[in-house]
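Per-entry structural report
Each chain, letter by letter, is given below.
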Amino acid sequence: TDTLEWVLADEAATLACGVRLAALLQPGMTVFLDGDLGAGKTTLTRGILRGFGHAGRVKSPTYALVEPYAFDTFTVYHFDLYRFADPDEWVDAGFRELFRDDSICLIEWPEKAGALLPAPDLTARLLPDGDGRTLSLTAHSAKGMQCLNRL
Ligand code: ADP
Ligand code: MG
């Protein structure tokens, strides 16, 4: 199957799921984070970054649109495109060049940039589920499938 689902009962479960995901993500991958405001997209990102060994803060990059996190052999770029309005800004800011073999791009609100974005390897969709969340992870590429198969 190309989709897996989890019930995440609380914030700690979302963080733990992110940590598990980090162990499987490879440089060069792009992950779209889908879900409404408050769904848990930034929390999942925080878990992923924690999994990679980031001990510091993870701020929501709403105003800067993207926040970089440098690790030894790769960089994670956390995008939040909620306030993205101008396609020219995408080009002018050189965002396209952040999608590299040695980067992992995690993108909140990818639909705001539409066709400017490369296709994702994985989509993580978060939905409210009682007091918790449901996460569905869908693979769109061979690399994405590899991740799901190892989870
Ligand atoms: P988003 O980035 O999608 O807008 P956030 O990651 O900022 O959402 O999370 C919004 C709130 O949801 C936070 O208060 C966070 O603690 C909470 N949250 C995250 N995961 C869960 C979960 N599995 N169950 C309940 N609350 C959660
Ligand atoms: Mg967010």
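Residues numbered from 1 in each chain as written. Chains lettered and ligands numbered in written order. Predicted model: local features only at pLDDT ≥ 70, side-chain atom pairs only at ≥ 80, totals over all residues.

Some words on the overall build of the chain
Looking only at helices and strands, the chain has four helices and seven strands in total. Its helices and strands taken in sequence order, the chain reads β-α-β-α-β-β-α-β-β-β-α from the N to the C terminus. A compact globule built from 151 residues would reach a C-alpha radius of gyration of about 15 Å, and the chain, at 14 Å, matches this within 12%. For the chain, the C-alpha atoms occupy an extent of roughly 40 × 35 × 30 Å along the three principal directions. The proportion of buried residues among the 151 residues of the chain is 33%. Long-range pairs, those at least 24 residues apart, make up 68% of the contacts in the chain between residues at least 6 apart in sequence. (Helix = DSSP H or I, 4+ residues; strand = E, 2+ residues; numbered from the N terminus. Rg over C-alpha atoms; globule rule 2.2 N^0.38 Å. Buried ≥ 20, exposed ≤ 12 C-beta atoms within 10 Å, placed from the backbone. Contact = placed C-beta atoms within 7 Å.)

Some remarks on the sheet that holds strand E7 (residues 132-139)
Whether parallel or antiparallel, the strands of a sheet pair through hydrogen bonds between backbone atoms. Read across the sheet, seven strands follow the order E1-E7-E6-E2-E5-E4-E3 without closing on themselves; strand pairing throughout is mixed. Edge positions in the sheet fall to strand E1 (3-8) and strand E3 (66-70), since each of these pairs with one other strand and no more. Averaged over neighbouring strand pairs, the angle between their axes works out to 15 degrees when direction is ignored. Both E1 and E7 contribute to a ladder of six bridges, which runs antiparallel. Looking at E7, one finds that Leu-4 is bridged to Leu-137. In the packing of helix H1 (residues 11-22) onto the sheet, the strands contacted are E1 and E7, and the crossing angle to E1 comes to about 145 degrees. (Pairing = 2+ DSSP bridges. Axes fitted to C-alpha atoms, helices over the stretch in contact; angles between N-to-C directions.)

Description of the environment of Val-7
Mapped onto the secondary structure, Val-7 falls in strand E1. Considered as a pair, Val-7 and Ser-136 are 129 residues apart in the sequence and their alpha carbons are 8.9 Å apart. Residues within four places of Val-7 in sequence aside, it is in contact with Asp-129, Gly-132 and Thr-134.

Some words on the nonpolar core
With 29 residues, the main nonpolar core has Val-31, Leu-33, Leu-106, Ile-107 and Ala-124 as its most contacted residues. Among the secondary structure elements, those contributing two or more residues to this core are H1, strand E2 (30-34), helix H2 (41-51), strand E4 (75-80), strand E5 (103-108), strand E6 (122-129) and E7. (Core = buried A, V, L, I, M, F, W, Y, C linked by C-beta atoms within 7 Å.)

Regarding H2
Residues three or four positions apart in an α-helix share a direction because the helix packs 3.6 residues into each turn. Taking burial as the measure, the 11 residues of H2 include nine buried ones, the bulk of the element. Listing the buried residues of H2 in full gives Lys-41, Thr-42, Thr-43, Leu-44, Thr-45, Arg-46, Gly-47, Ile-48 and Leu-49. As for H2, its buried residues are in contact with H1, E2, E3, E4, E5 and E6. Immediately downstream of H2, the backbone of Gly-53 shows phi near 105 degrees, a positive value.

Thoughts on unusual backbone geometry
For Leu-65, which is not glycine, the phi torsion reads 70 degrees and is therefore positive. Its place among the elements puts Leu-65 in the loop between H2 and E3. On the basis of neighbour count, Leu-65 is assigned to the buried category, with 21 C-beta atoms found within 10 Å. Phi at Trp-109 takes a positive value of approximately 55 degrees, unusual for a residue other than glycine. The topology assignment puts Trp-109 in the loop between E5 and E6.

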